[in-house]
There are 2 protein chains.
Amino acid sequence: MNKGKLYAIGTGPGASDLITVRAARLLDKLDVLYAPAGRKGGDSLALSIVREYIGKQVLIKERHFPMTNDAQEKQQAWDDVAFEIEADVNHGKQVGFITLGDSMLFSTWVFLLERLESKIDIDIIPGITSFSCIASQAHFPLCMEQQSLAVMSCTAEIEVLRRALIDHEAVVLMKVYGRFDKVRQLLIEQGLLEHAVLMANASMENEIFYPDLSQVEEGEALPYFSTIVVNRSWKHH
Amino acid sequence: MNKGKLYAIGTGPGASDLITVRAARLLDKLDVLYAPAGRKGGDSLALSIVREYIGKQVLIKERHFPMTNDAQEKQQAWDDVAFEIEADVNHGKQVGFITLGDSMLFSTWVFLLERLESKIDIDIIPGITSFSCIASQAHFPLCMEQQSLAVMSCTAEIEVLRRALIDHEAVVLMKVYGRFDKVRQLLIEQGLLEHAVLMANASMENEIFYPDLSQVEEGEALPYFSTIVVNRSWKHH
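- Per an unreviewed UniProt entry, chain A goes by Cobalt-factor II C(20)-methyltransferase and derives from Vibrio plantisponsor.
- Taken verbatim from the UniProt record of chain A, the Sequence similarities (unreviewed entry) comment is "Belongs to the precorrin methyltransferase family."

Below, the structure written as structure tokens:
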């Protein structure tokens, strides 16, 4: 019997052609592909990104991971999928698991890695991060030479975000959804409003780009994947 | 005449199959490809990464960018290449410029962007960052959920690096070359030695991996592309 293996595959930010050549070749050859489904019955965004590369023989297994605060329910969902993947690999299958963006940055894939690392053979394929894509799409650089970059979640305390904006030349502010007004106020306070851009769904059909954050209406509902990029040495146009 | 355009293309960390599908397809169709040459007469690493994707018709122009402290000499070199690229694009050519890693993070490509942004049509294609690749190769995650990541250059003051290690769950320490002993001392002081890994030339044939930094000899000459990844919530094996 062939030796089974698990491949964790970063899909990148959203456009199908922003996955790596390695990922595209793998998706063609797998036996089984696990895809996280956002909601029960909902389509998997990760799956839609990579669909054109998936070989005809690949058995697709969409699995639901609950977005709940019930830790036990979450643990159980990850345990179940880990168990299933382990069985497939032990049956000699080449198994894929797709994850949005990069595999090792803000990816719940790591919950599977923790469970499976000591049990089965694993290869991890990195993906383009959303902020690299935003910087490219917006023609807005991250940092250069001796400068530094911080990647923050806007769910952090404002004081924590303030410190990052003071300490680093470039700051990526993720999950701005629902906290935009407070974060924009902070950027104004720090004199950084003209050094910031906002993008949502970068590289996808529904991409939204605000080169100037003052154009966002107060209380405007921004998409879930909205991110602000700040660079002290660069101004938006 | 066709409308010319400049494509900045991130080559990713080093393995040929870690470039994006978009980059691979573009390289096949270009008229001209500019590649930075490390030294006069030296091979271009970026070029060796993408060579298998370059179409037969592509005219390759290797250009040397001096690694000097003479600002004027540097400016002149970038001015010259910008002028050459602008002329090619104005002649209706599809022109590529390749850059290691991601196009917008620590990339000297931005010196060309500054010069050409207002003059010609530009598309930027992101690339896999070295630290995403290291995290994947080492099975060592960056950060999760509410955590934050700082990407630092080890040429910064030790006090600046210390603050980043205190403030962020995960820290990438780039350009560790030549400062390894001091940085390791700092990690010991912060109780982070078992939460750190070092990798050089990630994904390339000459990849070097130290899962345990205490195994690096004092004064050992590390490769130029050596990077340390630290994660407070993860231990090396």
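What about the interface of chain B and chain A?
Then, in step 1: Counting residues at the interface gives 59 residues for chain B and 59 residues for chain A.
Then, in step 2: Carbon and sulfur atoms supply 60% of the area that chain B and chain A bury against each other, a total of about 4700 Å² over both sides.
Then, in step 3: Ranking the residues of chain B by area buried against chain A places Arg-22, Met-104 and His-139 of chain B at the top, with a combined share of 13%.
Then, in step 4: Joining chain B to chain A, the criterion identifies 4 salt bridges.
Then, in step 5: Arg-25 of chain B is paired through a salt bridge with Glu-52 of chain A; the nearest N and O atoms lie 3.9 Å apart.
Then, in step 6: The tally of links between chain B and chain A comes to 23 residue pairs in polar contact (both at pLDDT 80 or more).
Then, in step 7: The set of elements that each furnish at least two residues to the side of chain B that touches chain A consists of α1 (21-29), α4 (109-116), β5 (122-125), α5 (130-138), β6 (149-153) and α6 (158-167) of chain B.
Then, in step 8: Per element, the largest residue contribution to the side of chain B that touches chain A is 6 residues, and it comes from α5 of chain B.
Then, in step 9: Residue composition of the side of chain B that touches chain A, grouped by class: 30 nonpolar, 17 polar and 12 charged.
Then, in step 10: Bridge analysis of strand β6 (residues 149-153) of chain A against β6 of chain B gives 3 bridges, and the strand direction is antiparallel. Among the inter-strand pairings, Leu-149 of chain A is bridged to a residue of β6 of chain B, identified as Val-151 of chain B.

Section: the sheet that holds strand β7 (residues 170-174) of chain A
Then, in step 1: Read from one edge to the other, the open sheet built from 10 strands follows the order β9(A)-β8(A)-β10(A)-β7(A)-β6(A)-β6(B)-β7(B)-β10(B)-β8(B)-β9(B), with strand pairing classed as mixed. With partners counted over all chains shown, the strands left at the sheet margins are β9 (208-210) of chain A together with β9 (208-210) of chain B, one partner each. Between one strand and the next, the sheet's axes are offset by a mean angle of 15°, whatever the strand orientation.
Then, in step 2: The sheet contacts of helix α6 (residues 158-167) of chain A involve β6, β7 and β10 (226-231) of chain A, and relative to β6 of chain A the element is tilted by about 165°.
Then, in step 3: Along the sheet, α6 of chain B makes contact with β6, β7 (170-174) and β10 (226-231) of chain B, crossing β6 of chain B at roughly 165°.

As for the relation of the copies chain B and chain A
Then, in step 1: Relative to chain A, chain B is turned by 180° and slid 0.0 Å along the rotation axis, the superposed coordinates differing by an RMSD of 0.0 Å. In symmetry terms, the pair is related by a two-fold rotation axis.
Then, in step 2: Interface overlap between copies: 100% of the residues of chain B at the interface are likewise at the interface in chain A, consistent with a symmetric, same-surface contact.

Conventions used here
Residues numbered from 1 in each chain as written. Chains lettered and ligands numbered in written order. Predicted model: local features only at pLDDT ≥ 70, side-chain atom pairs only at ≥ 80, totals over all residues. Heavy atoms only, no water. UniProt positions renumbered as here; feature names shortened; annotations may be inferred. Contact = heavy atoms within 4.5 Å. Buried area = accessible area lost by both parts, 1.4 Å probe. Salt bridge = Lys/Arg side-chain N within 4 Å of Asp/Glu carboxyl O. Polar contact = N/O pair within 3.5 Å; in protein donor to acceptor, adjacent residues only side chain to side chain. Helix = DSSP H or I, 4+ residues; strand = E, 2+ residues; numbered from the N terminus. Nonpolar A, V, L, I, M, F, W, Y, C, P; charged D, E, K, R; others polar. Pairing = 2+ DSSP bridges. Axes fitted to C-alpha atoms, helices over the stretch in contact; angles between N-to-C directions. Least-squares fit on C-alpha atoms with pLDDT ≥ 70 in both.

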